[in-house]
Amino acid sequence: MNTAIYPGSFDPITYGHLDVIDRATTIFDKVIVAITQNITKNPLFTVEERLHHIKEMTKDYDKVEVDEFSGLLVDYAIRKNARAIIRGLRAVSDFEYEFQMALMNRRLREEIVTVFLMPNEKYTYLNSSIVQEIAQLGGDVSNFVSPLVAEQLRLKLGKLTAETQKKNNA
Ligand code: ADP
């Protein structure tokens, strides 16, 4: 069984991520979408919420599994019997960071291969934080995320705005 791990923050998952997942399923027997518990980022959605979003968005894909992990990605890949790590490349701006990570992971575990996939051009400008920003400013994000995520963004950001207002008024 040819398994690949697609790691990321997915905060939240977008149609750009889904495009990469879709392409990955044409090459691999199993694709594990794995949420990284990134200590340097302050996530908007909890891991449980993100697991739910990803499961809902990938429910029609038999080859896709959804998981979370902490610790080294290459160790996680070995535990899952995966030989490949999938990453999305949108623009040159992604390249330097991705190149460094791929080479470092190879240094740590020679047998794990990083595979880069390019999404449809219409998703090259899309990332999770820009979606958060648009939603925060009351913009329409329905072209970028699933209806479930759009609704949860509205609820969560509405709640955050109310909390900030309460703090400011106190
Ligand atoms: P991370 O915090 O690890 O960068 P992200 O959720 O932002 O996690 O991204 C996970 C992976 O998906 C990365 O390889 C990223 O380049 C890729 N990715 C994110 N958005 C897109 C997109 N719109 N099109 C293609 N790949 C994307």
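Residues numbered from 1 in each chain as written. Predicted model: local features only at pLDDT ≥ 70, side-chain atom pairs only at ≥ 80, totals over all residues. Heavy atoms only, no water.

### Quick notes on the site of the ligand
Piece 1. Around the ligand, 16 residues are found, and the nearest of them are Tyr6, Ser9, Lys41, Gly88 and Leu126.
Piece 2. Between Ser9 and the ligand, the recorded distance is 2.6 Å, taken from a side-chain N or O atom to an oxygen atom.
Piece 3. Here a nitrogen atom of the ligand sits 2.9 Å away from a polar atom, N or O, in the main chain of Leu126.
Piece 4. Elements that contribute at least two residues to the shell around the ligand include exactly β1 (3-8), α1 (15-25) and β4 (84-88).
Piece 5. Taken together, the residues of the shell around the ligand break down into seven nonpolar, five polar and four charged. (Near = heavy atom within 4 Å. Polar contact = N/O pair within 3.5 Å; in protein donor to acceptor, adjacent residues only side chain to side chain. Helix = DSSP H or I, 4+ residues; strand = E, 2+ residues; numbered from the N terminus. Nonpolar A, V, L, I, M, F, W, Y, C, P; charged D, E, K, R; others polar.)

### Re the side chain of His17
Piece 1. Here His17 is to be found in helix α1.
Piece 2. Among the polar contacts listed, one links the side chain of His17 to the backbone nitrogen of Thr14, at a separation of 3.0 Å.
Piece 3. Look past the residues within four positions of His17 in its chain and what remains in contact with it is Tyr6, Phe10, Pro12 and Ser128. (Contact = heavy atoms within 4.5 Å.)

### Observations regarding the pairing of β4
Piece 1. Buried residues dominate β4, accounting for four of its five residues.
Piece 2. Relative to β4, β1 runs parallel, the two sharing two bridges. Bridge pairing in β4 links Ile5 to Ile85.
Piece 3. By the bridge criterion, five bridges tie β4 to strand β5 (residues 113-117) in an arrangement that is parallel. Across the sheet, Ile86 pairs through a bridge with Val115, a residue of β5.
Piece 4. Between β4 and its parallel partner β5, the chain crosses via helix α4 (residues 92-108), and the hand of that crossover is right-handed. (Buried < 20%, exposed > 50% of the residue type's maximum accessible area, 1.4 Å probe, protein only. Pairing = 2+ DSSP bridges. Right-handed = clockwise from strand over helix to strand, strands pointing away.)

### Some points on the packing of aromatic side chains
Each aromatic ring pair is specified by the distance between its two centres and by the angle formed by the two planes.
Piece 1. Tallying each qualifying case throughout the model produces four aromatic pairs.
Piece 2. Taking the centre distance of 5.1 Å and the plane angle of 20° together, the rings of Phe95 and Phe99 count as stacked. Within this pair, Phe95 and its partner Phe99 are both found in helix α4, separated by four residues, close to a single helical turn.
Piece 3. Both rings, one in Tyr125 and one in Phe144, keep their centres 6.4 Å apart while their planes meet at 80°; by these two values the pair is edge-to-face. In this pair, Tyr125 sits in the loop between β5 and α5 (128-136) while Phe144 sits in the loop between α5 and α6 (147-169), placing the two residues 19 residues apart along the sequence. (Phe/Tyr/Trp six-rings, centres within 6.5 Å; stacked < 30°, edge-to-face > 60°.)

### Notes on the sheet that holds β5
Piece 1. The five strands lie next to each other as β3-β2-β1-β4-β5, forming an open sheet whose pairing is parallel. Each having just a single partner strand, β3 (64-69) and β5 make up the two edges of the open sheet. Between one strand axis and the next, the sheet turns through 30° on average, direction left out of account.
Piece 2. Those strands touched by α4 are β4 and β5, and its axis lies near 170° from that of β4. (Axes fitted to C-alpha atoms, helices over the stretch in contact; angles between N-to-C directions.)

### Focus on the side chain of Ser146
Piece 1. As for its position among the elements, Ser146 is in the loop between α5 and α6.
Piece 2. Leave out the neighbours within four places in its chain, and Ser146 touches Tyr15, Glu56 and Met57.

### Considering α4
Piece 1. For α4, built from 17 residues, the straight-helix expectation of 24 Å at 1.5 Å per residue is met to within 8% by its first-to-last C-alpha distance of 25 Å.
Piece 2. Of all the bends found along α4, the most pronounced is centred on Glu98 and spans about 25°.
Piece 3. Burial in α4 covers these residues: Asp94, Glu98, Ala102 and Asn105.
Piece 4. The inward-facing, buried residues of α4 abut α3 (73-79), β4 and β5. (Expected span 1.5 Å × (residues − 1). Bend = angle between axes of the 7 residues up to and from the residue.)

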